[in-house]
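If you want the building blocks of each chain, they are given just below.
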Amino acid sequence: MLFRSGQLSACFVLPVDDALSNGESGIYDTLRSMALIHQSGGGTGFSFSRLRAKGSMVRSTTGVASGPVSFMELYDASTNAVKQGGTRRGANMGILRVDHPDVLEFIGSKEDLTKITNFNISVGITTKFMDAVKVDGSYDLFDQSTGRVTGQARARDVWDKMILGAWRTGEPGVFFIDEANRYNPVPHLGAYEATNPCGEQPLLAYDVCNLGSVNVGYYVVNGQVDWEAMRRDIALSTHFLDNIIDVNKYPLPEIDSLSKRIRRIGLGVMGFADMLVRLGIPYDSAEGVEMGRKVMEFLDVEGKKESERLAKERGAFPEWARSIFGPDDTCARDEQGERIRPMQQLRNCNVTTVAPTGTISIIAGCSSGLEPLFAVAFMRNQAGVMMPDVNEDFVAIAKTEGWYSDELMERIAKTGTVKHADVPLKWQAVFNTANNIAPVYHIQMQAAFQDHCDSAISKTTNFGYAATQDDVRAIYEMAYDMKCKGVTVYRDGSRDGQVLSTGATAEAAAKRGGAAEDAAAKRELGELKGQLAEITADNNRLKTLLFDAEAENLQRRQKRSRPDILKSTAIRKETPLGTMFVHI
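Given the structure is predicted, the values throughout are model-derived calculations rather than measurements.

Asker: Explain a negative patch on the surface to me, using residue names and the numbers behind them.
Answerer: A cluster of acidic side chains, namely Asp178, Asp334, Glu335 and Glu338, defines a negative patch on the protein surface. Locating Glu338 in the fold gives a position in the loop between helix H10 (286-314) and helix H11 (358-364).

Asker: An account of the pairing of strand E17 (residues 265-270) is requested, with residue identities and associated values reported.
Answerer: By the criterion of burial, E17 is predominantly enclosed, with 6 of the 6 residues buried. Neither face of E17 is left uncovered, since the one carrying Ile265, Leu267 and Val269 and the one carrying Gly266, Gly268 and Met270 both have all their residues buried. When strand E14 (residues 207-215) meets E17, the two strands line up parallel, connected through 6 bridges. Bridged to Val214 within E17 is Val269.

Asker: Give me the lowdown on the packing of aromatic side chains, citing residues and values where you can.
Answerer: Taken as a whole and judged by the stated rule, the model has 16 aromatic pairs. Each ring, one from Phe46 and one from Tyr75, has its centre 5.1 Å from the other, and the planes form 85°; the classification is edge-to-face. With a gap of 29 residues between them, Phe46 in strand E2 (residues 43-47) and Tyr75 in helix H2 (residues 68-81) connect regions that are remote in the sequence. This pair shows no difference in class: Phe46 is buried, exactly as Tyr75 is. Here Phe129 and Tyr139 contribute two aromatic rings whose centre-to-centre distance is 4.9 Å and whose plane-to-plane angle is 80°, an arrangement assigned as edge-to-face. You can see Phe129 sitting in helix H4 (residues 127-134) and its partner Tyr139 sitting in strand E9 (residues 138-143), a full 10 residues away along the chain. Grouping residues by exposure puts Phe129 and Tyr139 together as buried. The structure contains a cluster of three or more aromatic residues connected by ring pairs, namely Phe46, Phe48, Tyr75 and Phe119.

Asker: Please give an account of the side chain of Thr126 that cites residues and values.
Answerer: Its place among the elements puts Thr126 in the loop between strand E8 (119-125) and H4. On the basis of relative accessibility, which here comes to 7%, the residue Thr126 falls in the buried class. A polar contact is formed between the side chain of Thr126 and the backbone nitrogen of Phe129, at a distance of 3.2 Å. In this view, Thr126 contacts Arg97, Val98, Asp99, Ile177 and Asp178; residues no more than four positions away in its chain are not counted.

Asker: Tell me about the sheet that holds E8, and name the residues and values.
Answerer: Across a sheet, paired strands are connected by hydrogen bonds in the backbone, their directions being either parallel or antiparallel. Here 9 strands make up an open sheet; going across it, the order is E17-E14-E1-E2-E7-E8-E11-E21-E20 and the pairing mixed. Edge positions in the sheet fall to E17 and strand E20 (460-463), since each has one partner strand and no second. Across the sheet, the mean angle separating the axes of adjacent strands is 25° when strand polarity is ignored. Of the pairings in the sheet, the one linking strand E1 (residues 11-14) to E14 comprises 3 bridges and is antiparallel in character. Looking at E14, one finds that Cys11 is bridged to Cys209. The strands touched by helix H1 (residues 27-39) are E1, E2 and strand E7 (92-97); relative to E2, the strand with the most contacts, the crossing angle is about 155°.

Asker: Pulling in residues and values, what's your account of helix H5 (residues 155-169)?
Answerer: Owing to its 3.6 residues per turn, the α-helix brings residues three or four apart onto one side. Helix length check: H5, at 15 residues, gives a terminal C-alpha distance of 21 Å against a target of 21 Å (1.5 Å per residue), a fit within 8%. Where H5 is concerned, the buried positions are Ala155, Val158, Trp159, Met162, Ile163, Gly165, Ala166 and Thr169. End-on, the buried residues of H5 take up no more than an arc of 165°, which puts them together on one face.

Asker: Explain the nonpolar core to me, using residue names and the numbers behind them.
Answerer: Among the nonpolar cores identified, the biggest contains 92 residues, and Ile125, Phe129, Tyr139, Trp159 and Phe272 are the most heavily contacted of them. At 7 residues, the largest contribution of residues to this core is made by helix H7 (residues 227-247). Those residues within four positions of Ile125 in sequence are excluded, and the remaining contacts are Val98, Met130, Trp159, Met162, Val174, Phe175, Phe176, Ile177 and Asp178. Core analysis: the second largest hydrophobic core is formed by 22 residues, Val13, Ile95, Leu203 and Trp320 among them.

Asker: Pulling in residues and values, what's your account of the environment of Ile324?
Answerer: Take Ile324: it is sitting in the loop between H10 and H11. Overall, Ile324 belongs to the buried group, its relative accessible area being 1%. Considering only alpha carbons, one finds Ile324 and Arg339, 15 residues apart in sequence, at a separation of 7.2 Å. Discounting chain neighbours no more than four positions away, the residues touching Ile324 are Tyr183, Asn184, Pro185, Pro187, Ala332, Arg339, Ile340, Arg341 and Pro342.

Asker: Describe in detail the state of the cysteines, supporting the description with residues and values.
Answerer: All chains considered together, the criterion is met by 0 disulfides. Between Cys11, a free cysteine, and Cys209, which holds the nearest cysteine sulfur, the sulfur-to-sulfur gap is 6.1 Å. For the unlinked cysteine Cys349, the closest cysteine sulfur is that of Cys209, found at 8.0 Å.

Asker: Account for unusual backbone geometry, naming residues and giving values.
Answerer: Peptide bonds are trans in most cases, and residues, glycine excluded, mostly fall at negative phi. Of note, the bond from Glu171 into Pro172 is cis; its omega dihedral lies within 30 degrees of zero at 10°. Despite not being glycine, Asp136 shows a phi value in the positive range, around 55°. Looking at where Asp136 falls in the secondary structure, it is placed in the loop between H4 and E9. Among the residues examined, Asp136 registers a relative accessible area of 33% and is labelled partly exposed. Positive phi outside glycine occurs at Lys483, with the angle close to 65°. Here Lys483 shows up in the loop between helix H16 (469-481) and strand E21 (486-491). For Lys483, a relative accessible area of 46% gives the class partly exposed.

Cut-offs and rules
Residues numbered from 1 in each chain as written. Predicted model: local features only at pLDDT ≥ 70, side-chain atom pairs only at ≥ 80, totals over all residues. Heavy atoms only, no water. Patch = residues over 30% accessible without salt bridge, like charges linked within 9 Å, V, L, I, M, F, W, Y side chains within 5 Å. Areas by Shrake-Rupley, 256 points an atom, 1.4 Å probe, with all protein chains shown as cover. Salt bridge = Lys/Arg side-chain N within 4 Å of Asp/Glu carboxyl O. Lys, Arg positive; Asp, Glu negative; His and termini not counted. Charge placed at Lys NZ, Arg CZ, Asp CG, Glu CD. Helix = DSSP H or I, 4+ residues; strand = E, 2+ residues; numbered from the N terminus. Buried < 20%, exposed > 50% of the residue type's maximum accessible area, 1.4 Å probe, protein only. Pairing = 2+ DSSP bridges. Phe/Tyr/Trp six-rings, centres within 6.5 Å; stacked < 30°, edge-to-face > 60°. Polar contact = N/O pair within 3.5 Å; in protein donor to acceptor, adjacent residues only side chain to side chain. Contact = heavy atoms within 4.5 Å. Axes fitted to C-alpha atoms, helices over the stretch in contact; angles between N-to-C directions. Expected span 1.5 Å × (residues − 1). Arc of directions from axis to C-beta. Core = buried A, V, L, I, M, F, W, Y, C linked by side-chain atoms within 4.5 Å. Disulfide = S-S within 2.5 Å.

See below:
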């Protein structure tokens, strides 16, 4: 989508320093930067780990600090007042290191679902912490600004509270911060502290990434993958994303500068579940996991080939020599002095990532990211609008083989599963859906993609409503052991207003009883307050636009005349904001 500002990126990370304002990246300086990014259509990630703990002495005022959570609430309130790109409120990621003294308050900050509604939250997990969890030991808590140890905590107490929160509401997620930094391509420029709102893109301070996704299901023709066609389109997409870096109009000069020094891009996949269906491979199978590994390796290798070609034609990214891809005499190395990646002269410091592709997969008519099918028939909550979503491959197969009926489709939509006697066993396996896939396969698939991905993976491990806290704990620990860079879980029906839902989801939500009704009332009140703030912000924005338009009319340059008749191909697409007509 082309925004009026010419800003073409969606993923940003901004630093938050331990000062109300320092003219660059203090709390209120970054708040202003966040508003500018949201106004231009971008999402923002923050680490609040640099902020001193709640109750700490503030020497300049002899007062006490209010702590990271209070300032996250401030950022959340500001987000309510600034619509993202003029159409929706902005999205944020808030991260706090597990060794910050306020980590327990942070973990519990979203227990009330009517608060901090514009943030996803994740805890930055260190290797030392996970070692302490495994032996039931304690670990140090630090004043992040001074590095001074301020106390200790029992690791399993903190871990258990995280597990409970994830089981209840899906938050907090986990960001394995040491694993992510192990593959930071330019460590001399700083460490990863935070990610973009969906978690697939660890970024430096003032970092940005242009994302794109290849619909891999498109390349299955008559039960075979057209690898040559995919190779051609991967090269084209890599070239396109690199071009965007130079034509982009970034909201801050610091972002503009860094983007051109490291030239980070993120090419990933969507339509992977469709690919498996068309190949007749169950998602939750060894064959399915290996196909995922093969697809991501192909994307990574071919994307880097094109980045290498562009480097020869246009030059490597300016920080290449000191990056993990640089020559032996200057490249970044690990703590043991070993190379992290083989030398490769690239145009881009990172090439691959896997984004959730929520909206673009709807427009493309394919499954999202590397996720399994959520359901064969379900309702999608997109920007507050419930949109029906029916899997066309399932319908086509059912009609071709003669077992389709409207009554069967209604049963599938109500129950959220294809495990009915009317459906042949082969297709029950191939069309197995997210909540019915064993969580272990969700993590195995994520790890398979991560093996050949520069950045990280946006992936949700889905659980049925009856899943236990021990089920969640097992998946979090498995993700760490399999070298994932992060993990997010969601138990179906554990909160209202979830993006994808089936009849089974509604039944699970009903089980939550009166507490859900109270939460809904609180959420409605919060929404009304947010809408009032949005209307006020919109009025101010419209006044500014009207002033700009009047000024522009006074100095309007002569436009080229447009022909009375133009030939084009019109494509109609349903989107969360209404019907879209694309003319090519």
